[in-house]
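The primary structure of each chain is shown beneath.
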Amino acid sequence: MAEENKKNLEFIEEVTTNVDEVQKRVLDEILTRNANVEYLQRHNLNGHTDRETFKKFVPVITYEDIQPDINRIANGDTSPILCSQPVSEFITSTGTSGGENKLIPTTEEEKGRRYQLYGLVMSVVSQFFPDLEKGKGMYFLFIKSEAKTPGGLLARPIFTSVYKSSHFRSSYNHVSQYTSPIEAILCLDSYQSMYSQMLCGLCQNREVVCVGTVFASTFIRAMRFLEDHWSLLCNDIRTGTINNKIIDPKVIEAVMKILKPDSELADFIEAECSKDSWEGIVIRLWPNTKYVDVVVTGAMSQYIPMLDYYSNSLPLVSIAYGSSECSFGINLNPLCKPSEVTYTLIPTMGYFEFLPIHRSNEFIESISISTLLNEKDEQQLVDLVDVKIGQEYELVVTTYSGLYRYRVGDVLRVAGYKNNTPQLNFIRRENVILSIDFDKTNEFDLQNAVNNAANNLMPFDARVVDYTSYADTATIPGHYVLFWELSANASATIPPSILQDCCLTIEESLDSIYLQGRTSDKSIGPLEIRIVETGTFDKLMDYCCTSLLGASINQYKTPRCVKFAPLVELLNSRVVSSYFSPVCPKWAPGSKQWNNTN
């Protein structure tokens, strides 16, 4: 292990020092192996592999630009359309407008590149937390539903792909490395999976040296699950039997290899969980824990206070940065404050370019994360070595698996350098205004959903005058809140059931990742509409334009999402009634365009 860590750290030093040469080589490799694919031929690259020709002929694109090619592959066309290597599966990502998942093609080789980044990550972490191999990690890991395209390719989220891969299953060792048996992770039933992973973590509490999940929201949900179920878990530990709600035979068999009657441990857990305060519960129940491994950048930063509360301010470590499209980089200083997390891009992962972002209105940025980009010329794109400290950029990536100059949608700020490689703060997802868990709802989709819901009001001669929203994470799970100001006929009363239907209509209009979080994963709570007094949005504008925030009335437009606490307080102070979705929205795994085969 020590020798492997040494090699990995030397590799990081080398590629971050010779970053421009590495990037040139990566682009040459990608273009050479894919020289004959239809997409590059269509753009008349004619086998050229140099940067200048590549940038001259290959356009900067979004998903919608290549969606017809993606659909051909999904429908069974095996010709080399985007990549010379066979597409092994699709990684599903945040939905396009209209509720469909994006389908990101990937190859077996690309999976190997992701595992390489994981190896680099663990070598970095070992410098700061020695002897981790002497204990276990308690990670709450979950899979989501998968489907098959008409052409027979799997389509599934990135972490489902990772956890169900042969590489992960062969290298994952819950006996010596982790507390959760693989069978519990691979259980699709979110309740059975969470319960059994928590039970196994409690049974091995003295061995746990780190705890974590992928995103901070999931860890908070795990702690709330423990709050709600600790008495059942204690009973299982005391008796050495598993709760009858756990019915998956593979899960039962795996858990029973770990679960043994232990009344002393059960008494200890019961005593801690019965106390008035749950502050520091992580360190109380798992006393040898050194850090919490979760993503706390971007939208996940809203969960930091709750993480600190549960963990007694253990280090919150955001280790790696990646997406469905590609693995990107590593946090080389895991002990830094969450607000100071920077990721060093590993230049062998793909070819990276950066589109400068020019924000036109700092005020709106302070209360909303809706897009504020000017029109950009493709010639503005700069290479990895040419970014400037303090400047914000949107990441554009060219991958080995067939994406060329693809706008990922992540906004990054250059914070410094590791050797000759920039270190980047993750700022936000471009265009995303609401996010609780894996969901990422943009302004366009929210507007469309509100329009659909407003149709329910027409029989009552009512309409939505204005609206805004925010992600309420004070509840567990968090949920979307919409503030509506209505114009209604005084003689026509709107029944509460109609406004509840409006909540449900909005939810059913959002993309499948939101819907899965609401229905299958239970990671998102019922959407809420809060009706506010007439004139509320005038008050909101007055506050924004006359307070110290100083927005110009000529520039002002209602923010479709608010984060600034005084604005949320103003809106809440004028709420006259509140309504929630009465039932879960309808959802089934797979695309609306083809039958799933889950």
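Let us look at the structure shown here. (Residues numbered from 1 in each chain as written. Predicted model: local features only at pLDDT ≥ 70, side-chain atom pairs only at ≥ 80, totals over all residues. Heavy atoms only, no water.)

## Looking at the overall build of the protein chain
Moving on, step 1. Regarding its fold elements, the protein chain presents 21 helices and 22 strands.
Moving on, step 2. Expected size for 598 residues packed as a compact globule is a radius of gyration near 25 Å; at 25 Å, the protein chain falls within 12% of this value.
Moving on, step 3. Dimensions along the principal axes, computed over C-alpha positions, put the protein chain at roughly 70 × 65 × 50 Å.
Moving on, step 4. Counting all 598 residues of the protein chain, 57% fall into the buried class.
Moving on, step 5. If you take every contact in the protein chain between residues at least 6 apart in sequence, the share linking residues at least 24 apart comes to 70%.
Moving on, step 6. When the accessible surface of the protein chain is totalled, it reaches about 24300 Å², and 50% of it is carbon and sulfur.
Moving on, step 7. Looking at the protein chain, you have 54 positive and 73 negative side-chain charges, and the mean spots of the two groups are 2 Å apart. (Helix = DSSP H or I, 4+ residues; strand = E, 2+ residues; numbered from the N terminus. Rg over C-alpha atoms; globule rule 2.2 N^0.38 Å. Buried < 20%, exposed > 50% of the residue type's maximum accessible area, 1.4 Å probe, protein only. Contact = heavy atoms within 4.5 Å. Areas by Shrake-Rupley, 256 points an atom, 1.4 Å probe, with all protein chains shown as cover. Lys, Arg positive; Asp, Glu negative; His and termini not counted. Charge placed at Lys NZ, Arg CZ, Asp CG, Glu CD.)

## Examining the sheet that holds strand E12 (residues 351–356)
Moving on, step 1. The antiparallel open sheet is built from eight strands, whose spatial order is E9-E10-E11-E16-E15-E14-E12-E13. At either margin of the open sheet sits one strand with a lone partner, and together these are strand E9 (320–322) and strand E13 (382–383).
Moving on, step 2. Here E9 pairs with strand E10 (residues 327–330) via three bridges, running antiparallel. Residue pairing in the sheet places Tyr321 in a bridge with Gly329 of E10.
Moving on, step 3. Docked against the sheet, helix H6 (residues 108–128) engages E9 and E10, running at close to 10 degrees with respect to E10. (Pairing = 2+ DSSP bridges. Axes fitted to C-alpha atoms, helices over the stretch in contact; angles between N-to-C directions.)

## Considerations on the packing of aromatic side chains
What describes a pair of aromatic rings is the distance from one ring centre to the other and the angle between the planes of the rings.
Moving on, step 1. A complete count under the given rule lists 18 aromatic pairs for this structure.
Moving on, step 2. When the ring of Tyr191 is compared with that of Tyr195, the centres are 6.0 Å apart and the planes differ by 25 degrees; the resulting orientation is stacked. Of the two residues, Tyr191 and Tyr195 both sit in helix H10 (residues 190–203), four residues apart, roughly one turn of that helix.
Moving on, step 3. A relative accessible area of 0% means that Tyr195 is categorised as buried.
Moving on, step 4. Within the aromatic cluster, the residues linked to one another by ring pairs are Tyr321, Phe328, Tyr343, Phe352 and Phe426. (Phe/Tyr/Trp six-rings, centres within 6.5 Å; stacked < 30°, edge-to-face > 60°.)

## Describing the packing of helix H11 (residues 216–239) against helix H13 (residues 263–273)
Moving on, step 1. Contact geometry of H11 with H13 gives a least axis separation of 8 Å together with a crossing angle of 165 degrees. Between H11 and H13, the crossing angle belongs to the class labelled roughly antiparallel. Here H11 and H13 pass one another in a crossing that is left-handed. Residues Trp230, Cys234, Ile237 and Arg238 of H11 touch H13, and the partners they reach there are Ser263, Leu265, Ala266, Asp267, Ile269, Glu270 and Cys273.
Moving on, step 2. Broken down by class, the residue content of the contact of H11 with H13 amounts to seven nonpolar, one polar and three charged. (Parallel < 35°, antiparallel > 145°, perpendicular 65-115°, else oblique. Left-handed = near helix turned anticlockwise from the far one by under 90°. Nonpolar A, V, L, I, M, F, W, Y, C, P; charged D, E, K, R; others polar.)

## Topic: the nonpolar core
Moving on, step 1. Counting residues in hydrophobic clusters, the biggest one holds 167 residues, and the most contacted among them are Met223, Trp286, Phe354, Leu457 and Trp484.
Moving on, step 2. Of all the elements, H11 adds the most residues to this core, at eleven residues.
Moving on, step 3. One finds Phe483, Val532, Cys544 and Leu571 within the second-largest nonpolar core, a separate group that totals eleven residues. (Core = buried A, V, L, I, M, F, W, Y, C linked by side-chain atoms within 4.5 Å.)

## Re the pairing of strand E2 (residues 102–106)
Moving on, step 1. Among the five residues that make up E2, five are buried, leaving the element largely enclosed by the rest of the structure.
Moving on, step 2. Residues Lys102, Ile104 and Thr106 of E2 are buried on one face, and the alternating residues Leu103 and Pro105, pointing to the opposite face, are buried as well.
Moving on, step 3. Summarising the sheet, strand E1 (residues 89–93) and E2 pair through five bridges and their orientation is antiparallel. In the sheet register, Thr92 faces E2, and the bridge partner there is Leu103.

## Some thoughts on H11
Moving on, step 1. The end-to-end C-alpha distance of H11 is 32 Å, a good match for the 34 Å that 24 residues give at a rise of 1.5 Å each.
Moving on, step 2. Where H11 bends most, at His229, the angle is about 70 degrees.
Moving on, step 3. Just beyond H11, the residue with positive phi is Gly240, at close to 75 degrees. (Expected span 1.5 Å × (residues − 1). Bend = angle between axes of the 7 residues up to and from the residue.)

## Some details on the sheet that holds strand E21 (residues 528–532)
Sheets are built from strands that pair by backbone hydrogen bonding, the pairs being arranged parallel or antiparallel.
Moving on, step 1. Read across the open sheet, the four strands follow the order E19-E20-E21-E22; overall the sheet is mixed. One side of each edge strand has no neighbouring strand; the edge strands of this open sheet are strand E19 (462–472) and strand E22 (575–580). Between one strand axis and the next, the sheet turns by 25 degrees as a mean value, whatever way the strands run.
Moving on, step 2. Sheet topology note: the E21/E22 ladder contains five bridges and is antiparallel. Paired with Ile531 across the bridge in E22 is Ser577.

## Structural notes on the pattern of salt bridges
Moving on, step 1. For the coordinates displayed, the defined rule picks out 34 salt bridges.
Moving on, step 2. Residue Lys55 is joined to Asp383 by a salt bridge in which the shortest nitrogen-to-oxygen separation is 2.8 Å. Separated by 328 residues along the polypeptide, Lys55 in helix H4 (residues 51–57) and Asp383 in strand E13 bring together distant segments of the chain.
Moving on, step 3. Its salt-bridge partner being Glu109, residue Arg113 comes within 3.5 Å of it at the nearest N-O pair. Pair noted here: Arg113 and Glu109 are both in helix H6, with a separation of four residues, about one helical turn.
Moving on, step 4. A relative accessible area of 10% places Arg113 in the buried class. (Salt bridge = Lys/Arg side-chain N within 4 Å of Asp/Glu carboxyl O.)

## As for unusual backbone geometry
Moving on, step 1. The amide bond that connects Ile476 to the next residue, Pro477, takes the cis arrangement and shows omega of 0 degrees.
Moving on, step 2. Structurally, the position occupied by Pro477 is in the loop between E19 and strand E20 (479–488).
Moving on, step 3. Residue Asn44 is not a glycine yet carries a positive backbone phi of 60 degrees.
Moving on, step 4. Along the chain, Asn44 falls in the loop between helix H3 (38–42) and H4.

## So, the pairing of strand E6 (residues 208–215)
A regular strand carries its side chains on alternate faces of the sheet.
Moving on, step 1. Counting buried positions over the eight residues of E6 gives eight, a clear majority of the element.
Moving on, step 2. Here strand E3 (residues 136–139) pairs with E6 via four bridges, running parallel. The residue bridging Tyr139 from the neighbouring strand is Gly212, located in E6.
Moving on, step 3. Alignment of E6 against strand E7 (residues 291–295), held across four bridges, turns out to be parallel.

## Focus on the state of the cysteines
Moving on, step 1. Across all of its chains, the model carries zero disulfides by this definition.
Moving on, step 2. Of all cysteine sulfurs, the one in Cys200 lies closest to Cys210, which takes part in no disulfide; the gap is 16 Å.
Moving on, step 3. Under the relative-accessibility criterion, Cys210 is labelled buried at 6%.
Moving on, step 4. As a non-bridged cysteine, Cys234 has Cys273 as the owner of its nearest cysteine sulfur, 5.9 Å distant. (Disulfide = S-S within 2.5 Å.)

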